[in-house]
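Spelled out from the first residue to the last, the chains are:
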Amino acid sequence: MTRHDEIAAGLARVRGRIAAACADAGRDPDEITLVVITKYFPASDVRLLVDLGVTDVGENRHQEAEAKHRECADLLGAGAPALRWHFVGGLQSNKAAAVAAYADVVHSVDRAKLVGRLDAGAHDRPGPAPTSVDVLLQVSLDPPDSPGRAGADPTDLPALAALVEAAGSLRLRGLMAVAPLGEDPVAAFARLSDVRRDFLADHPSADWLSAGMSGDLEAAIRAGATHVRVGTAVLGSRPSVQ
Ligand SMILES: *Cc1c(COP(=O)(O)O)cnc(C)c1O
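Definitions and limits used
- The numbers attached to residues start from 1 for each chain and follow its sequence in the written order.
- Thresholds applied to this predicted model are a pLDDT of at least 70 for local features of residues and 80 or more for the giving and counting of side-chain atom pairs; totals over whole chains, interfaces and linings are not thresholded and use all residues.
- Only hydrogens and water are set aside; all other atoms, that is, all heavy atoms of the structure, feed into the side-chain values.
- Definition of nearness: a residue and a molecule or strand are near each other if at least one heavy atom of the residue lies within 4 Å of the molecule or strand.
- Contacts described as polar in this section are N or O atom pairs within 3.5 Å, which, within protein, must combine one atom able to donate a hydrogen with one able to accept it, while residues neighboring in sequence count only if both atoms come from side chains.
- Each accessible area value is a Shrake-Rupley result obtained with a 1.4 Å probe; residue values ignore everything except the protein chains displayed when judging cover.
- A cavity, in this analysis, means grid points on a 1 Å lattice covering only the protein atoms where a 1.4 Å probe fits yet has no way out; a pocket is instead an open set bounded by protein on both sides within 12 Å along at least five of seven lines, and a residue lines either one if it has an atom within 4 Å of a point.
- Cavity and pocket membership follows a simple rule, namely that a molecule belongs there if more than half of its atoms are within 2 Å of the grid points.
- Throughout this entry, Asp, Glu, Lys and Arg are counted as charged residues, while Ala, Val, Leu, Ile, Met, Phe, Trp, Tyr, Cys and Pro are counted as nonpolar. The remaining residues, Gly among them, count as polar.
- The helix count covers DSSP runs of H or I at least four residues long, the strand count covers runs of E at least two residues long, and both are numbered beginning at the N terminus.
- Accessibility here uses a 1.4 Å probe with only protein chains present; expressed as a share of the type maximum, an area under 20% marks a residue as buried, one over 50% as exposed, and anything in between as partly exposed.
- By definition here, a salt bridge exists when the distance from a side-chain nitrogen of Lys or Arg to a carboxyl oxygen of Asp or Glu is within 4 Å.
- Note on contacts: a residue pair qualifies if any of its non-hydrogen atoms lie within 4.5 Å across the two residues.
- Strands qualify as paired when DSSP identifies two bridges or more between them.
- Every angle, taken between N-to-C directions, lies between 0 and 180 degrees, and every axis is a line fitted to C-alpha atoms, over only the stretch in contact when it is a helix.
- Comment on the angle field: the value is read as roughly parallel under 35 degrees, roughly antiparallel over 145, roughly perpendicular from 65 to 115, and oblique elsewhere.
- In this scheme the crossing of two helices becomes right-handed for a clockwise turn of the near helix relative to the far one and left-handed for an anticlockwise turn of less than a right angle.
- His is not counted, nor are the chain ends, whereas Lys and Arg count as positive and Asp and Glu as negative.
- Helix span, as expected, comes to 1.5 Å for every residue beyond the first.

Residues in contact with the ligand, as listed here, are Ile37, Lys39, Asn60, Val88, Met213, Ser214, Arg229, Val230, Gly231, Thr232 and Arg238. A distance of 2.7 Å separates an oxygen atom of the ligand from a polar atom in the side chain of Lys39. In the environment of the ligand, a nitrogen atom lies 2.9 Å from a nitrogen or oxygen atom belonging to the side chain of Arg229. Protein chains bury 87% of the 390 Å² of accessible surface belonging to the ligand in isolation. In a pocket analysis with a 2 Å cut-off to the grid points, the ligand is assigned to the largest pocket. Taken together, the residues of the shell around the ligand sort by class into four nonpolar, four polar and three charged.

One can find Asp156 in the loop between β5 (133-138) and α6 (157-166). Taking the relative accessible area as the measure of exposure, Asp156 reaches 43% and is therefore partly exposed. Spatially, the C-alpha atoms of Asp156 and Ile32 are 27 Å apart, while their sequence positions differ by 124 residues.

To continue, consider the pattern of salt bridges. Two side chains that carry opposite charge are able to pair once their charged atoms sit near each other. For the structure shown, the criterion picks out 16 salt bridges. The salt bridge partner of Arg3 is Glu6, with a shortest N-O separation of 2.7 Å. On the criterion of helical spacing, the pair formed by Arg3 and Glu6 is a turn pair, its members being three residues apart in helix α1 (residues 3-25). A relative accessible area of 26% places Arg3 in the partly exposed class. Asp134 is the partner of Arg173 in a salt bridge, and the nearest nitrogen-oxygen pair spans 3.0 Å.

A few words on the environment of Gly224. As for its position among the elements, Gly224 is in the loop between α8 (217-222) and β8 (227-230). With 192 residues separating them in the primary sequence, Gly224 and Ile32 have C-alpha atoms 9.3 Å apart. When sequence neighbours within four positions are dropped, the list of residues in contact with Gly224 reads Arg27, Arg196 and Leu209.

A word on the pairing of strand β3 (residues 84-87). Here strand β2 (residues 56-59) runs beside β3; their pairing, made up of four bridges, is parallel. The residue of β3 that forms the bridge with Glu59 is Phe87. In terms of strand pairing, β3 meets strand β4 (residues 105-109) through two bridges, oriented parallel. In the sheet register, Phe87 faces β4, and the bridge partner there is Val106.

Turning next to unusual backbone geometry. You will see that Tyr40, though not glycine, has its phi angle at about 70°, which is positive. If you trace the backbone, Tyr40 turns up in the loop between β1 (33-37) and α2 (43-51).

Bringing the packing of α1 against α2 into the picture now. When two helices pack together, their arrangement is given by the angle between their axes and by how far apart the axes lie. For the pair α1 and α2, interaxial distance at closest approach is 10 Å and the crossing angle is 60°. Compared by their axis directions, α1 and α2 come out oblique. The way α1 lies across α2 gives a crossing that is right-handed. Of the residues in α2, those touching α1 at Arg3, His4, Ile7 and Leu11 are Asp45, Leu48 and Leu49. Each residue belonging to the contact of α1 with α2 can be placed in one class, and the counts come to four nonpolar, one polar and two charged.

A few words now on the side chain of Arg196. Inspection of the secondary structure assignment puts Arg196 in helix α7 (residues 185-202). Within the buried set, Arg196 has no salt-bridge partner at all; the shortest N-O distance to an opposite charge, 6.0 Å, is to Asp207. The residues contacting Arg196, other than those within four sequence positions of it, are Leu175, Asp207, Trp208, Leu209, Gly224 and Thr226.

Next up on the list: the side chain of His107. Assignment of secondary structure puts His107 in strand β4. By relative accessible area, His107 is classed as buried at 0%. Polar contacts involving the side chain of His107 include one to the side chain of His86, which spans 2.8 Å. Dropping the residues within four chain positions of it, His107 is found in contact with His86, Phe87, Val88, Leu136, Leu137, Gln138, Met176, Ser210 and Arg229.

With 23 residues, α1 should reach 33 Å at 1.5 Å per residue; the first-to-last C-alpha distance of 33 Å fits that figure. Among the residues of α1, those classed as buried are Ile7, Gly10, Leu11, Val14, Ile18, Ala21 and Cys22. Buried residues along α1 sit in contact with β1, α2, α8, β8 and α9 (232-235). Positive backbone phi, at 65°, marks Gly26, one or two positions downstream of α1.

Laid out in structure tokens, this is it:
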């Protein structure tokens, strides 16, 4: 089996799962954007994904993402199908401006310090027209004192959202979350739904919800996800050496 056929089969399975989850939840599959997470996989896989109709890819580490984006620069030319790059990983503040130079969507904004730096990077993006970078606020679904907690506390979202809205080159789009390890994702995503309901009351147009990965995309779609971030179910196990 060629790599092309392998990826085509993975994509078909995942698209089938998304369609089935939408049917279960009474949702339209067109409401769901599949973001294929290509971390640790080569740029050649991004090319195959684009050939197979994928419009959105995601990465979680700056150096790897920047290099892969550069290797795929020719895919972004005039007449090429649109390819959007998503950054979904933990962001160091000293890398934020550099990430905003190539990422079209940043899913992992979880503290105030990142906002000004992302805005500066977004403002300096190359290209003829002013562009803006789409931003999702990452909300933590872990208990407040958990070690290694990523994401903002739900109580911090209003202030963070206000900062993003005030930034000239960023566009507030919605929320992102990762279900905690070891917890039933249905329960975790139910909490996320509650957080999102409150958030939407203040920011009705920021209605994206990035949630769901290979293991829990059905639960996320049931809880209202608009963007699922799927790696291994499309591309296979990630190489263990990074
Ligand atoms: C790697 C990663 C994913 C994809 O995980 P899979 O289990 O391979 O689908 C999704 N979201 C984030 C933030 C990731 O880092």
